[in-house]
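# Structure at a glance
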Amino acid sequence: MNYPFFMWTSAALMLVATLLYQLHPLFKKHSLKAKILCSSLFVLTGVFAALAYGVKTDYSVLMLSALFLGLLGDFFLDWKKYNTFFVGVLFFSIGHLIYVYSFITMEPSLKPYTVHIVVIYILVILAGIAHIKMDKIKFPGKYKIMLVYSFILITSFVFATVRGIDSVSNGNKPFGILLLLSGALFMISDAFLASQLFGKPKLKNTAFFVAIFYFPAQTLFALSICYQ
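Thresholds, definitions, all that
- Residues numbered from 1 in each chain as written.
- Predicted model: local features only at pLDDT ≥ 70, side-chain atom pairs only at ≥ 80, totals over all residues.
- Heavy atoms only, no water.
- Helix = DSSP H or I, 4+ residues; strand = E, 2+ residues; numbered from the N terminus.
- Rg over C-alpha atoms; globule rule 2.2 N^0.38 Å.
- Buried < 20%, exposed > 50% of the residue type's maximum accessible area, 1.4 Å probe, protein only.
- Contact = heavy atoms within 4.5 Å.
- Areas by Shrake-Rupley, 256 points an atom, 1.4 Å probe, with all protein chains shown as cover.
- Lys, Arg positive; Asp, Glu negative; His and termini not counted.
- Charge placed at Lys NZ, Arg CZ, Asp CG, Glu CD.
- Core = buried A, V, L, I, M, F, W, Y, C linked by side-chain atoms within 4.5 Å.
- Phe/Tyr/Trp six-rings, centres within 6.5 Å; stacked < 30°, edge-to-face > 60°.
- Axes fitted to C-alpha atoms, helices over the stretch in contact; angles between N-to-C directions.
- Parallel < 35°, antiparallel > 145°, perpendicular 65-115°, else oblique.
- Left-handed = near helix turned anticlockwise from the far one by under 90°.
- Nonpolar A, V, L, I, M, F, W, Y, C, P; charged D, E, K, R; others polar.
- Expected span 1.5 Å × (residues − 1).

So, on to the overall build of the protein. When you go through the protein residue by residue, the secondary structure sums to nine helices and zero strands. Listed N to C, the secondary structure of the protein is α-α-α-α-α-α-α-α-α in terms of helices and strands. Computed over its C-alpha atoms, the radius of gyration of the protein comes to 17 Å, within 12% of the 17 Å expected for a compact globule of 228 residues. Dimensions of the protein along its principal axes, counting C-alpha atoms only, are 45 × 45 × 25 Å. Taking all 228 residues of the protein together, 47% fall into the buried category. Residue pairs in contact within the protein that sit at least 24 positions apart in sequence constitute 78% of those at least 6 positions apart. Summed over its atoms, the accessible surface of the protein is roughly 11,700 Å², and 74% of this surface lies on carbon and sulfur atoms. With 18 positive and 7 negative side-chain charges, the protein shows a separation of 14 Å between the mean positions of the two kinds.

Below, the structure is given as structure tokens:
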């Protein structure tokens, strides 16, 4: 079978589904079903990417596991009018920890990038503080747990970025670029989500920006399986 063709087709369908999810009245009316359709397509992209790569690897298994946890997270964030929100956050947190583990345990070692890791952490935290003040984001009461999720997300972004830089430097540009883009898009999406749920966003239609950055981010992670 032509697995690369199916991989890119499912990725393209994810983009179409995401736009319909945000713009078409029928899809917006059944928003949870539309959202899970988008999530299912990035998982399917990952499955076809693994098949296209042709060899079972730890990276493939870990990334597919994290993508599936993302699908579960998407479902539970919105199910029963946000009553299972924290279950969704838990699934996303575990998924990001798996991403981090997959980036750290790949060869070569990231120890030579220790300074880069520290610098990127500092820059992202400073940017996060600026974003919190700009959009007046607050995590009241039990939602303070979101600070823990935020740290996990930042860690995922940092190691996706550093592994991406390392891969580009070592000649695997497609893999490196996919990680750099996916990590950045995920951070941007969750920044919009934090403003939407817990702040006073300066931009309107933040839900659109959450989706338009999030689903491509997960899909790029899925595609990276084929270029590991």
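So, about the nonpolar core. With 63 residues, the main nonpolar core has Tyr59, Leu67, Phe103, Val158, Phe186, Phe215 and Phe221 as its most contacted residues. Those elements that place two or more of their residues in this core are helix H1 (3–23), helix H3 (31–53), helix H4 (58–82), helix H5 (85–105), helix H6 (114–134), helix H7 (146–169), helix H8 (173–198) and helix H9 (206–224). If you tally residues by element for this core, the top one is H7, at nine residues. Once you skip the residues sitting within four places of it in the chain, Leu67 turns out to touch Phe42, Val43, Gly46, Tyr99, Gln218, Phe221, Ala222 and Ile225.

Relative to the helices and strands, Ser224 resides in helix H9. In contact with Ser224, other than residues within four places in its own chain, are Tyr59, Met63, Phe175, Leu178 and Leu179.

For the structure shown, the criterion picks out 27 aromatic pairs. Their ring planes at 70° and their centres at 6.4 Å tell us that Phe85 and Phe198 sit as a pair that is edge-to-face. You can see Phe85 sitting in helix H5 and its partner Phe198 sitting in helix H8, a full 113 residues away along the chain. Residues Phe85 and Phe198 agree in their burial class; the two are buried. Arranged with centres 6.5 Å apart and planes meeting at 45°, the rings of Phe186 and Phe221 form a pair that is tilted.

Further remarks concern the packing of H5 against H7. The geometry of H5 relative to H7 is characterised by a closest axis approach of 9 Å and an angle of 25° between their N-to-C directions. Judged by the inter-axis angle, H5 sits roughly parallel to H7. Here H5 and H7 pass one another in a crossing that is left-handed. For the pair H5 and H7, the contacting residues are Phe85, Val89, Phe92, Ser93, His96, Leu97, Tyr99, Val100, Phe103 and Ile104 in the first and Met146, Tyr149, Ile152, Leu153, Thr155, Ser156, Phe159, Ala160 and Arg163 in the second. When grouped by side-chain class, the residues that make up the contact of H5 with H7 number 14 nonpolar, four polar and one charged.

Time to look at H5. Across its 21 residues, H5 extends 31 Å between first and last C-alpha, which sits within 8% of the 30 Å expected from 1.5 Å per residue. Those residues of H5 not exposed but buried are Phe85, Gly88, Val89, Phe92, Ser93, Gly95, His96, Ile98, Tyr99, Val100, Ser102 and Phe103. The elements touched by buried residues of H5 are H4, H7, H8 and H9.

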